[in-house]
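Each chain, written out:
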Amino acid sequence: MMSKKSIGIFDSGYGGLTVFESIAKLLPDYNYIYFGDNARAPYGDHSFETIYQYTLECVEWLFAQGCPLVILACNTASAKALRTIQQKVLPMKYPGYRVLGVIRPTAEVIGSYTKTNSIGVMGTRGTVKSESYLIEIHHQYPELNVIQQSCPMWVPLIENNEHVNEGADYFVKKYIDNLLEKSGDIDAILLACTHYPLLVPKMKDYLPEGVSLVSQGDIVADSLVDYLNRHPEIEGELTKEGEMSFYTTGDNLVFDHNASIFFPGEVVSSQVRLNCGSSKK
């Protein structure tokens, strides 16, 4: 594996697979390693320091597998760990490696989705509490009114495959109503969690006409294409054999089963035990 250079895709669990799908569709020739930290998920309610430590451990594991470029396909990790890793860890320990997130690419384009200059951001408690989207969006578009809403029940519903059932409607409607009660001008809602695209069919049933939903997968994929074009020194390192590998810190058989909710095609993963630095089939 070490002779090959892959793009690493990291998430605390399954949601990053929706981003991975978009990236793989747009850039099918590259090698990829997907790594889900399912044994310690969800990240949303952990402290800043815990999320940072978990994320760093997983990023370093991907580096060790031959990934010079890692995408944090997780909003919570991007919000609470990315900046510290980029500014304090990479320059000192891994100067030839790069770690990118999902917040900045989304913030850079979100202004094009609104005509009223009022957008909603729906995410986990951790992402909303971090205010990372408020900071990044206002840096790009200071004129925008950004209203946030945490949706703590959505991830559990999706990961238990209950999001397609009628019981999920209550919580979908509840959080949408809570958001729209804060502002009647919202005409675009950013889904600031990579799980949430799976709820789009239900969300559309409870949204007023003219309110659009913005998912991150295609935005992040387009941003990655641009990044590779601008950084030939990174792009030139990457192996192009179209291979995909999947790893999880949780039960790999459970991961393979649940991954089908998020990712097309068969997924066969290996389990990783970070504390001993080994993996098993």
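On a predicted model such as this, the values are computed, not experimentally measured, just so you know.

A. Structural detail: the environment of S6. As for its position among the elements, S6 is in the segment before β1 (7-11). The exposure class assigned to S6 is buried, which follows from its relative accessible area of 5%. Between the C-alpha atom of S6 and that of V172, which follows or precedes it by 166 residues, the distance is 37 Å. The contact partners of S6, leaving out residues within four places of it in the chain, are N31, Y32, I33, G66, C67, P68, L69 and L238.

B. Representation of unusual backbone geometry in the model. Cis peptide bonds are those with omega within 30 degrees of zero, and the linkage from A41 to P42 qualifies with 0°. The topology assignment puts P42 in the loop between β2 (32-36) and α2 (48-64). Despite not being glycine, N117 shows a phi value in the positive range, around 60°. By the element assignment, N117 lies in the loop between α5 (103-109) and β5 (118-123). Of note, the phi angle at E131 is positive, near 60°, even though the residue is not glycine. The residue E131 is located in the loop between α6 (125-130) and α7 (132-140) in this model.

Reading guide: rules and limits
Residues numbered from 1 in each chain as written. Predicted model: local features only at pLDDT ≥ 70, side-chain atom pairs only at ≥ 80, totals over all residues. Heavy atoms only, no water. Helix = DSSP H or I, 4+ residues; strand = E, 2+ residues; numbered from the N terminus. Buried < 20%, exposed > 50% of the residue type's maximum accessible area, 1.4 Å probe, protein only. Contact = heavy atoms within 4.5 Å.

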